[in-house]
Amino acid sequence: MSSVQDELRRLPAVDQIMLQAPAADWIQVYGRDAVIEAIRATLDALRGDIRRGAAYPGEADLLRRVQDRLEQLVAPTLRPVINATGVVLHTNLGRAPLSTDALEAMRQAGEGYTNLEFDLDSGRRGSRYVHAEALLCRLTGAEAALLVNNNAGAVLLVLSALAQGRQVIISRGQLVEIGGGFRIPDVMAQSGAHLVEVGTTNRTYVRDYATAITDETAALMRVHTSNFRVMGFTYAPSLSEFVALAAEHNLLLLDDLGSGTLIDTQPFGLTHEPTVQESVAQGADVVTFSGDKLLGGPQAGIIVGKAELIERLRRFPLTRALRVDKTTIAGIQANLLHYVKGEAVSKIPIWQMIALSLDELAARAKKLVDALGPAGAGCALWPGRSMIGGGSLPEESLPTMLVALPGDDSTALAQSLRTGQPAIVARIQDERVVLDLRTVLPSQEEALIARLRQLL
Ligand SMILES: *Cc1c(COP(=O)(O)O)cnc(C)c1O
């Protein structure tokens, strides 16, 4: 007992630590209050350790612990992560990594002033909503376009501005939850539009929509079931059937595509994902999609459609609450330019990743294991599958070559990878930690190897 008391007595007082050499530097960097808080917390923790039988670790150790605590205090919570899961559009890991050009455009816009809301020709106030519009119209064939903060916001805005207090008819098979609590029926309720459900989970016919139309109906809505697939005995009308029905009754046709690709996914060995151009060409009045799913750009919601409707959206008050900032607009423009120039697959990271062949991935996996030297001895190369993810192309996967790491305790190894520097997020498969290099940026490979050398 007495030895515990002796050890406790060896702990210095806060004031004493404040007089030590590092304290002056700490106060410079973190401010006096934070330093005192960190010292108190460190001493508290040490007292606990000593009561549980530990010895006083000495002053040098104590000062190091205070330093660690101060660093933690200001450490940014958002930091880069190496995505070794093979899920290309990993929503939890921030969806699309951006192209060099998009990043440079965002840097330039952020660094100085821009003509965000200023018409350089007339010298008068301009609109932030005109930017990127010409590019979007060129790429999609739409008459007009509008950018907002994200696609959830785009859907809310479209329903609020064009159908508030009126009915919108939608198939029961499309009342989807996208993730992060975004459910179509809830968004509909939030917008003040009245949801009219028709059909069944697996089959909805044109006549189901037709019989539900009343004087109160404002629109028919199609929601792309982008994150799941109903298989077997299913039916949904084609977009052109929808368009014909909407036109016949003078209703709007709203098409929420979600993933919103501008290029065909089939040449990559994936099923066909509806493109924005197809929706516009087939006559949808308003089409909504994300900027950071298969478009591969910064987070945004993109609305394209008939000029008169887009103009109504621009003037609707909610638009102000969903507005995009200058860096996002700059990033979107630069990203769209890759599509205009026909270089999307070579310049946009998600398309580069999707386009990687099994041979390329196998070569990279082998190179990684070789680079590990003796530490790589227990590694194995396993054929596996990479997912597209991010609410795009459900159940679709691409062949890949996994690096299975050695070790009996895969949960502990995966945790060490996540919590180390750099943070590495891997997958566990068949009780082994596996790395899929498809989603590891080439620029991250060296850091990944260095960390694996430490751990294995
Ligand atoms: C992803 C998705 C949304 C939401 O888009 P965010 O960009 O995540 O806000 C809405 N609708 C569909 C069909 C989606 O796939």
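Everything quoted here is computed from the prediction, not taken from an experiment.

Draft legend 1. A look at the packing of aromatic side chains. Under the definition given, this model contains three aromatic pairs. Their ring planes at 20 degrees and their centres at 5.2 Å tell us that tyrosine 205 and tyrosine 235 sit as a pair that is stacked. Of this pair, tyrosine 205 sits in the loop between strand S8 (194–198) and helix H10 (206–212) while tyrosine 235 sits in the loop between strand S9 (217–223) and helix H11 (239–248), and the two are 30 residues apart along the sequence. An angle of 35 degrees between the planes, with centres 5.3 Å apart, marks the rings of phenylalanine 268 and tryptophan 351 as tilted. Pair noted here: phenylalanine 268 is in the loop between strand S10 (252–258) and helix H12 (276–281) and tryptophan 351 is in helix H17 (residues 349–355), with a separation of 83 residues, a long-range link. Residue phenylalanine 268 is classed as buried on the basis of its relative accessible area, which comes to 19%. Assessed through its relative accessible area of 0%, tryptophan 351 is described here as buried. Just above the ring of phenylalanine 233 sits the side chain of arginine 203; from NZ or CZ to the centre is 3.7 Å. Positioned over the ring face of tyrosine 205 is arginine 207, at 4.5 Å from the centre of the ring.

Draft legend 2. View of the domain arrangement of the protein. When cut into domains, the protein gives domain 1 (2–74), domain 2 (81–90 + 353–455) and domain 3 (98–347). The gap between the C-alpha centroids of domain 1 and domain 2 is 40 Å.

Draft legend 3. Structural view of the pairing of strand S14 (residues 397–404). Across the eight residues of S14, seven count as buried, placing the element largely inside the fold. Here strand S13 (residues 380–387) runs beside S14; their pairing, made up of eight bridges, is antiparallel. In the sheet register, tryptophan 382 faces S14, and the bridge partner there is leucine 402.

Draft legend 4. View of unusual backbone geometry. Note the cis peptide between glutamine 421 and proline 422, where omega equals -5 degrees. With respect to the helices and strands, the residue proline 422 is situated in the loop between helix H19 (410–419) and strand S15 (423–425). Positive phi values are uncommon outside glycine, yet arginine 95 reaches one of about 50 degrees. Note on placement: arginine 95 falls in the loop between strand S1 (81–83) and helix H6 (100–111).

Draft legend 5. Highlighting the sheet that holds S9. Taking strand neighbours across the sheet as the criterion, the seven strands line up as S4-S12-S11-S10-S9-S5-S8 in an open arrangement whose pairing is mixed. Where the open sheet ends on each side, the last strands, each with one partner, are strand S4 (144–148) and S8. Strand after strand, the sheet turns through a mean of 25 degrees between neighbouring axes, direction not considered. Contacting S9 and S10, H11 crosses the sheet at an angle of about 155 degrees to S10.

Draft legend 6. Region of the structure containing helix H4 (residues 32–51). For H4, with 20 residues, the first-to-last C-alpha span of 29 Å sits near the 28 Å given by 1.5 Å per residue. Within the span of H4, buried status applies to Ala34, Val35, Ala38, Ile39, Thr42, Leu43, Leu46, Gly48 and Ile50. A positive backbone phi angle near 110 degrees is found at glycine 53, which sits one or two residues after H4.

Draft legend 7. Here's a closer look at the site of the ligand. Of all residues adjacent to the ligand, which total 13 residues, the nearest are Arg95, Ser226, Asp256, Ser290 and Lys293. Between lysine 293 and the ligand, the recorded distance is 2.7 Å, taken from a side-chain N or O atom to an oxygen atom. Burial of the ligand by the surrounding chains reaches 94%, relative to a free accessible area of 380 Å². Every element with two or more residues in the shell around the ligand is listed here: helix H8 (151–163) and S10. Of the residues assigned to the shell around the ligand, the class counts are four nonpolar, six polar and three charged.

Draft legend 8. Layout of the pattern of salt bridges. Going through the model one piece at a time under the given rule, you end up with 25 salt bridges. When the shortest N-O distance is used, the salt bridge between arginine 64 and aspartate 61 registers 3.5 Å. Placement of the pair is arginine 64 and aspartate 61 together in helix H5 (residues 59–74), with a separation of three residues, close to one helical turn. For lysine 306, the salt bridge identified is with aspartate 285, shortest N-O distance 2.9 Å. Remark: aspartate 285 occurs in the loop between H12 and strand S11 (286–290) and lysine 306 occurs in the loop between strand S12 (301–305) and helix H13 (307–315); sequence separation between them is 21 residues. Exposure remark for lysine 306: the relative accessible area of 31% places this residue in the partly exposed category. Residue aspartate 285 is classed as buried on the basis of its relative accessible area, which comes to 12%.

Draft legend 9. Structural context of empty space enclosed by the protein. Applying the stated criterion across every chain yields a total of two cavities of 30 Å³ or more. Of all the elements in the fold, those that place two or more residues in the lining of the largest cavity are H8, S10 and S11. Top element by residues in the lining of the largest cavity is S10. It accounts for three residues. Grouping the constituent residues of the lining of the largest cavity by class yields five nonpolar, one polar and two charged. A volume near 30 Å³ is recorded for the second largest cavity. Gly291, Leu295, Gly297, Ile302, Ile332, Asn335 and Leu336 together form the lining of the second largest cavity.

Draft legend 10. Region of the structure containing the packing of helix H3 (residues 21–30) against H5. Orientation of H3 relative to H5, taken along the N-to-C sense of each, is 5 degrees, at an axis distance of 12 Å. Compared by their axis directions, H3 and H5 come out roughly parallel. Judged by residue contacts, Pro22, Trp26 and Tyr30 of H3 engage Leu63, Val66, Gln67, Leu70, Glu71 and Val74 from H5. Taken together, the residues that form the contact of H3 with H5 break down as seven nonpolar, one polar and one charged.

Rules used in this analysis
Residues numbered from 1 in each chain as written. Predicted model: local features only at pLDDT ≥ 70, side-chain atom pairs only at ≥ 80, totals over all residues. Heavy atoms only, no water. Phe/Tyr/Trp six-rings, centres within 6.5 Å; stacked < 30°, edge-to-face > 60°. Helix = DSSP H or I, 4+ residues; strand = E, 2+ residues; numbered from the N terminus. Buried < 20%, exposed > 50% of the residue type's maximum accessible area, 1.4 Å probe, protein only. Lys NZ or Arg CZ within 6 Å of the ring centre and 35° of its normal. Domains from an automatic or database assignment. Pairing = 2+ DSSP bridges. Axes fitted to C-alpha atoms, helices over the stretch in contact; angles between N-to-C directions. Contact = heavy atoms within 4.5 Å. Expected span 1.5 Å × (residues − 1). Near = heavy atom within 4 Å. Polar contact = N/O pair within 3.5 Å; in protein donor to acceptor, adjacent residues only side chain to side chain. Areas by Shrake-Rupley, 256 points an atom, 1.4 Å probe, with all protein chains shown as cover. Nonpolar A, V, L, I, M, F, W, Y, C, P; charged D, E, K, R; others polar. Salt bridge = Lys/Arg side-chain N within 4 Å of Asp/Glu carboxyl O. 1 Å grid on protein atoms, 1.4 Å probe; cavity = no way out; pocket = protein on both sides within 12 Å on 5 of 7 lines; lining within 4 Å. Points joined across faces, edges and corners; volume = space filled by probe spheres on them. Parallel < 35°, antiparallel > 145°, perpendicular 65-115°, else oblique.

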